[in-house]
Amino acid sequence: MKEKKENFDAWVALIDDRIEDWFITLSNHLKDKFDYSINSLDEIEKYLIEKFVLDDLRNEMNKKEIDAIASYILKTYKLHWPNGEYVIELEDKKNVLFNRPAIITNPKVGMAFSPFQFLQSTLNLKRIGAFKQMLLYTKNKYIEMYGEGRS
Amino acid sequence: MQAFEKAVNESETFKQLINSNPSAVDVFFKYTKKKPGASVDEILELATIAKDLPKNQLDNFITDFSDAGFNSAVRKNSKLVDAWSSIFSGSASLRMNVNNLNKLSTFIRETGMDISKLTSSFKNAKDAQKWIDLKIPEAELDNIYSGFKNDPPFNQTPWTPEHKAQRWNNYKKGCTNGENTCLDFNDWSNGYDGKIDLVTSANKGVDDYFNSLGWDCPSDKCREQTLDVVVNGQTKKRRLDIYDEGNLRGKEFKEYYSGKVYQSEDIVAEVTADKELLASGRLLELEWVFKGCEPSGPLRKLLESSPNSITVVILP
């Protein structure tokens, strides 16, 4: 457990590095789209859908890029969610967030969010707008409860 | 016969007991046969304790009375005889178990349950120990329910005290809303306990249903998945019976022998959590599947209400 927590802390510490390394491989056109705005999450979904199919998620060769994309999504949430904190569930194996880096607001409003929970459905359903919808849902609820001042 | 006459002559109380309860004579002869050196006082005590037992239970009782532990327990608390009587047809180890007898005795005292009804219900129970374990007075069941009604997940293993507590409180809610016949606790409890054998495995119903779906979704990833939901500022664990991450769809499976699922507090908490999952985009589709039962009118209305309506599916 302690080792897993340390792995998670290291994973969080390297979020920016992973994104930067990934950006180097992208065209300027794409990099311009991935500007950490809320709308950029739609662009990320389009990119995922165009580049990958479901089986690719299980292919070790794609792990690095998938990890970088997940990092990008999490960082975007961190920038837009008030008091976002990175968390990980390491106890309950039946929890859908088990061993998946996630983010939650503080105080907690709505659920923790992990991009890893939604990669499958994004590719399977070829659905655009889910990441944005989840971000805005919690952000708006938070503002409703605590106002914008706490972010 | 000489010993019998001696006992009658020696003990006026024994004489009176025989006059008022002829089965005391049976007790005398059976016990002296089993324990030739038994004193009149010992026989008198046994006959007094066993005086209300039906004749067909005497042999077993006298045999059990020879056991030191059982003997001591019933002599200390003669009310245990009623409890013993209700399970006399069970194995010797079961009916001489003092914990079992105390549990049943408390249940009989607190519910005023008719012994003959208990005896008859016990005879039909295939899992005798479980039948006894579920003999929990109403107040205690309510306490159990209070302990978890706001703390999901609510998927209780049939037939456990928590499951019985959940079902009883669900039934009571239906009664409050005028949606059932409002059986009293004793009748309801007998009905519940009588169904113990219907469920051989806690998850068989939902496992069978899940397999019948043919979803491309392995059981270890799709059955009994927990999602954290924050409702009114509190994190709740919502354990969905079936959750398909690849399609963001889920199913809640209800199998109530009583035929109806009412809008009790724990059920409302589940609906609230599920609607939050739909509202936040964590789920795109959610069905509540009722197998061999159906939602009450108010529950169905709540499930199907907008926004974030939940589909109701009723299976025979």
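About the thresholds
Residues numbered from 1 in each chain as written. Chains lettered and ligands numbered in written order. Predicted model: local features only at pLDDT ≥ 70, side-chain atom pairs only at ≥ 80, totals over all residues. Heavy atoms only, no water. Helix = DSSP H or I, 4+ residues; strand = E, 2+ residues; numbered from the N terminus. Rg over C-alpha atoms; globule rule 2.2 N^0.38 Å. Buried < 20%, exposed > 50% of the residue type's maximum accessible area, 1.4 Å probe, protein only. Contact = heavy atoms within 4.5 Å. Areas by Shrake-Rupley, 256 points an atom, 1.4 Å probe, with all protein chains shown as cover. Lys, Arg positive; Asp, Glu negative; His and termini not counted. Charge placed at Lys NZ, Arg CZ, Asp CG, Glu CD. pLDDT = per-residue confidence, 0-100. Pairing = 2+ DSSP bridges. Axes fitted to C-alpha atoms, helices over the stretch in contact; angles between N-to-C directions. Domains from an automatic or database assignment. Buried area = accessible area lost by both parts, 1.4 Å probe. Salt bridge = Lys/Arg side-chain N within 4 Å of Asp/Glu carboxyl O. Polar contact = N/O pair within 3.5 Å; in protein donor to acceptor, adjacent residues only side chain to side chain. Nonpolar A, V, L, I, M, F, W, Y, C, P; charged D, E, K, R; others polar. Parallel < 35°, antiparallel > 145°, perpendicular 65-115°, else oblique. Phe/Tyr/Trp six-rings, centres within 6.5 Å; stacked < 30°, edge-to-face > 60°. Lys NZ or Arg CZ within 6 Å of the ring centre and 35° of its normal. Disulfide = S-S within 2.5 Å.

A.B. asks: Explain the overall build of chain A to me, please; I cannot follow it from the model alone.
C.D. replies: If you tally the helices and strands in chain A, you get seven helices and two strands. Going residue by residue from the N terminus, the α and β elements of chain A occur as α-α-α-α-α-β-β-α-α. In terms of overall dimensions, chain A is globule-like: its C-alpha atoms have a radius of gyration of 15 Å, near the 15 Å expected for 151 residues. Dimensions of chain A, computed from the C-alpha atoms along their principal axes, are close to 40 × 35 × 30 Å. By the burial criterion, 47% of the 151 residues in chain A qualify as buried. Of all intrachain contacts in chain A linking residues separated by at least 6 positions in sequence, the fraction that spans at least 24 positions is 60%. Here chain A displays about 7,800 Å² of accessible surface, and carbon together with sulfur accounts for 50% of that area. Each charge class in chain A can be summarised by its mean position, and for the 23 positive and 24 negative side chains these summaries are 3 Å apart.

A.B. asks: Please clarify how the confidence of the model for chain A should be interpreted in this entry.
C.D. replies: Low-pLDDT stretches of the model should not have their predicted coordinates read in fine detail. A residue-level look at chain A finds 98% of positions with pLDDT of 70 or above and a mean pLDDT of 94. Within chain A, helix 4 (residues 40-51) of chain A carries the highest mean pLDDT (98), whereas helix 1 (residues 2-13) of chain A carries the lowest (92).

A.B. asks: In this structure, what is going on with the side chain of B:Ser121? I would like to understand it.
C.D. replies: Tracing the chain through its elements places B:Ser121 in helix 10 (residues 115-124). The class for B:Ser121 is buried, based on a relative accessible area of 14%.

A.B. asks: So what exactly am I meant to see when it comes to the sheet that holds strand 1 (residues 223-231) of chain B here?
C.D. replies: Working definition: the strands of a sheet are paired by backbone hydrogen bonds and lie parallel or antiparallel to each other. All names here are of chain B. Overall, mixed pairing links the five strands, which are arranged 1-2-3-5-7 in an open sheet. Only two strands of the sheet have a single neighbouring strand rather than two, namely strand 1 and strand 7 (311-315). For this sheet, the mean angle separating the axes of adjacent strands, direction not counted, is 40°. Pairing geometry for strand 3 (residues 249-254) and strand 5 (residues 285-291), over six bridges, is parallel. Counterpart to Lys254 in the pairing with strand 5 is Phe290.

A.B. asks: Looking at this structure, I do not really get the domain arrangement of chain B. What am I missing?
C.D. replies: Interfaces are frequently sized by the accessible area removed from exposure as the parts join. Residues and elements named next belong to chain B. Here the domain parsing of chain B yields domain 1 (2-124), domain 2 (138-198) and domain 3 (204-315). Across the boundary between the two partners, domain 1 contributes eight residues, which contact six residues of domain 2. Of the roughly 540 Å² buried between domain 1 and domain 2, counting both surfaces, carbon and sulfur atoms make up 41%. In this assembly, domain 1 and domain 2 are joined by one salt bridge. A salt bridge links Asp187 to Lys117; the shortest N-O distance between them is 3.6 Å. If you look at where domain 1 meets domain 2, you find one residue pair in polar contact (both at pLDDT 80 or more). If you list the elements that add at least two residues to the side of domain 1 that touches domain 2, you get helix 9 (98-111) and helix 10. For the side of domain 1 that touches domain 2, the element with the highest residue contribution is helix 10, accounting for four residues. Here the side of domain 1 that touches domain 2 is built from residues that sort into three nonpolar, four polar and one charged.

A.B. asks: When you look at the packing of helix 12 (residues 138-148) of chain B against helix 13 (residues 161-176) of chain B in this model, what are you seeing that I'm missing?
C.D. replies: Residues and elements named next belong to chain B. Across the interface, helix 12 lies against helix 13 with an axial gap of 8 Å and an inter-helix angle of 95°. As the angle between them shows, helix 12 and helix 13 are arranged roughly perpendicular. Across the interface between the two elements, Glu138, Leu141, Asp142, Ile144, Tyr145 and Phe148 from helix 12 touch Pro161, Glu162, Lys164, Ala165, Gln166, Trp168, Asn169 and Lys172 from helix 13. Along the lines of polarity and charge, the residues of the contact of helix 12 with helix 13 split into seven nonpolar, two polar and five charged.

A.B. asks: Looking at this structure, I do not really get the interface of chain A and chain B. What am I missing?
C.D. replies: With 23 residues of chain A at the contact, the number on the chain B side is 23 residues. Applying the counting rule to chain A against chain B returns two salt bridges. The tally of links from chain A across to chain B stands at 13 residue pairs in polar contact (both at pLDDT 80 or more). Elements represented by at least two residues in the side of chain A that touches chain B include exactly helix 6 (119-125) and helix 7 (130-146) of chain A. Residues belonging to the side of chain A that touches chain B are distributed by class as follows: nine nonpolar, seven polar and seven charged.

A.B. asks: What is the right way to read the packing of aromatic side chains from this model?
C.D. replies: Counted by the stated rule, this structure contains 32 aromatic pairs over all chains. Between A:Trp22 and A:Tyr47, the aromatic rings sit 5.8 Å apart at their centres with planes inclined by 70°, giving edge-to-face as the arrangement. Placement of A:Trp22 in helix 2 (residues 15-24) and of A:Tyr47 in helix 4 is noted, with a sequence separation of 25 residues between them. The buried category is assigned to A:Tyr47, whose relative accessible area is 11%. The interplanar angle of 75° and the centroid separation of 5.1 Å between the aromatic rings of B:Trp168 and B:Phe185 together place this pair among those described as edge-to-face. With B:Trp168 in helix 13 and B:Phe185 in helix 14 (residues 185-194), this residue pair connects regions lying 17 residues apart in the sequence. Take B:Trp168: its relative accessible area is 3%, and that puts it in the buried class. Among the aromatic residues, ring-to-ring pairing joins B:Trp168, B:Tyr171, B:Phe185, B:Trp188, B:Tyr192, B:Tyr257 and B:Tyr262 into one connected group. A cation sits over an aromatic face here: B:Lys135 above B:Phe107, 5.9 Å from the ring centre. Against the face of B:Tyr256 rests B:Arg167, its NZ or CZ located 3.4 Å from the ring centre.

A.B. asks: How should the state of the cysteines be read in this particular structure?
C.D. replies: Each disulfide consists of one covalent bond between the sulfur atoms belonging to two cysteines. All names here are of chain B. What the rule picks out here adds up to two disulfides over all chains. The partner cysteine of Cys175 in its disulfide is Cys182, sulfur to sulfur 2.1 Å. Here Cys175 and Cys182 share a disulfide; its torsion about the S-S bond, 110°, makes the bridge right-handed. Note on cysteine connectivity: Cys217 is disulfide-linked to Cys222, with sulfurs 1.4 Å apart. As the torsion about the S-S bond is roughly -80°, the Cys217-Cys222 disulfide counts as left-handed. Looking at Cys217, the relative accessible area reads 9%, which means it is buried. Counting its disulfide-bonded cysteines in sequence order, chain B shows a connectivity of 1-2, 3-4. Here Cys293 stays unpaired: no disulfide links it, and the sulfur of Cys175, its closest cysteine neighbor, is 19 Å away. You can call Cys293 buried: its relative accessible area is 4%.

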